[in-house]
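So the chains spell out like this:
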Amino acid sequence: MNPDFNQHVFKNWRFLTGVGALLFLILLISYFFYGIQPSSISSEDAVNFKITKGESFRSIGARLSSDNLIRSVAMFKVYSFFSGSAQRFLPGVYELRYDMSVPQIVKLLTESGGEGTFVTVL
């Protein structure tokens, strides 16, 4: 075997691996940005979404997906985790729209307490 041939094959393999990894990274980033966009339903209708005290993060994501408010549960979880919001969802009743993106939904669910129920004791 010719040593120059082995070096040439190794350089080609390394180049193709690098190009493949770069393409995979571009695809992953594209899917992330696709997943955090508003759901495919183009409606400004509002939906009441209730988070109960002690409700799990997984349950919140699943219900948002089943109500078609988000495109991807996985991207909701990734965004919430990396933005530091995964453990900060507040109980309450929220008015969400189908044209809201994942960052908008997460911000609303973590920064306001929703519409609380007020009871006046006389």
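Since the model is a prediction, treat every value here as computed from it, not as a measurement.

**Observations regarding the overall build of the protein chain**
Reasoning step 1: When you go through the protein chain residue by residue, the secondary structure sums to 4 helices and 2 strands.
Reasoning step 2: Reading the protein chain from its N end, one meets helices and strands in the order α-β-α-α-β-α.
Reasoning step 3: Here the protein chain, with 122 residues, has 25% of them falling under the buried criterion.
Reasoning step 4: Sequence separation of 24 or more characterises 60% of the internal contacts of the protein chain that already satisfy a separation of 6 or more.
Reasoning step 5: Just so you have it, the protein chain exposes about 8700 Å², and 61% of that area is on carbon and sulfur atoms.

**As for the packing of helix α2 (residues 57–66) against helix α3 (residues 73–82)**
Reasoning step 1: Between α2 and α3, the shortest axis-to-axis distance is 9 Å and the interhelical angle comes to 135°. One element, α2, and the other, α3, form an angle in the oblique class. Between α2 and α3 the crossing geometry is right-handed. When α2 is examined against α3, the residues Phe 57, Arg 58, Ile 60, Gly 61, Ala 62, Leu 64 and Ser 65 are found in contact with a partner set consisting of Val 73, Phe 76, Lys 77 and Ser 80.
Reasoning step 2: Each residue belonging to the contact of α2 with α3 can be placed in one class, and the counts come to 6 nonpolar, 3 polar and 2 charged.

**Some words on the pairing of strand β2 (residues 92–97)**
Reasoning step 1: Of the two faces of β2, only one is covered, namely that formed by Gly 92, Tyr 94 and Leu 96; the face formed by Val 93, Glu 95 and Arg 97 stays uncovered.
Reasoning step 2: In this sheet, β2 lies alongside strand β1 (residues 46–51) in antiparallel orientation, the contact comprising 6 bridges. In the sheet register, Ile 51 faces β2, and the bridge partner there is Gly 92.

**Looking at the nonpolar core**
Reasoning step 1: Core analysis: the biggest nonpolar cluster contains 19 residues, and Ile 60, Leu 64, Leu 69, Phe 76, Leu 96, Ile 105 and Leu 109 have the highest contact counts within it.
Reasoning step 2: Put simply, the parts of the chain that give this core at least two residues each are β1, α2, α3, β2 and α4 (102–111).
Reasoning step 3: Ranked by residues supplied to this core, first place goes to α4 with 4 residues.
Reasoning step 4: Contact partners of Ile 60, with chain neighbours within four places excluded, come to Phe 49, Ile 51, Glu 55, Phe 76, Phe 89 and Leu 109.

**A short note on the environment of Leu 108**
Reasoning step 1: Looking at the element boundaries, Leu 108 is found in helix α4.
Reasoning step 2: Sequence separation of Leu 108 and Leu 90 is 18 residues, and the distance between their C-alpha atoms is 9.3 Å.
Reasoning step 3: Aside from chain neighbours lying at most four places away, what touches Leu 108 is Tyr 94, Glu 95, Leu 96 and Met 100.

**Quick look at the packing of α3 against α4**
Reasoning step 1: Contact geometry for α3 and α4: axes closest at 10 Å, N-to-C directions at 55°. Considering their axes alone, α3 and α4 lie oblique with respect to each other. α3 and α4 meet at a crossing whose hand is right-handed. For the pair formed by α3 and α4, the contact residues are Phe 76, Tyr 79 and Ser 80 on the first element and Val 102, Pro 103 and Val 106 on the second.
Reasoning step 2: Grouping the amino acids of the contact of α3 with α4 by side-chain chemistry returns 5 nonpolar, 1 polar and no charged.

**Looking at unusual backbone geometry**
Reasoning step 1: The backbone of Asn 68 shows a phi angle near 60°, a positive value even though the residue is not glycine.
Reasoning step 2: Considering the arrangement of structural elements, one finds Asn 68 in the loop between α2 and α3.

Definitions and cut-offs
- Residues numbered from 1 in each chain as written.
- Predicted model: local features only at pLDDT ≥ 70, side-chain atom pairs only at ≥ 80, totals over all residues.
- Heavy atoms only, no water.
- Helix = DSSP H or I, 4+ residues; strand = E, 2+ residues; numbered from the N terminus.
- Buried < 20%, exposed > 50% of the residue type's maximum accessible area, 1.4 Å probe, protein only.
- Contact = heavy atoms within 4.5 Å.
- Areas by Shrake-Rupley, 256 points an atom, 1.4 Å probe, with all protein chains shown as cover.
- Axes fitted to C-alpha atoms, helices over the stretch in contact; angles between N-to-C directions.
- Parallel < 35°, antiparallel > 145°, perpendicular 65-115°, else oblique.
- Left-handed = near helix turned anticlockwise from the far one by under 90°.
- Nonpolar A, V, L, I, M, F, W, Y, C, P; charged D, E, K, R; others polar.
- Pairing = 2+ DSSP bridges.
- Core = buried A, V, L, I, M, F, W, Y, C linked by side-chain atoms within 4.5 Å.

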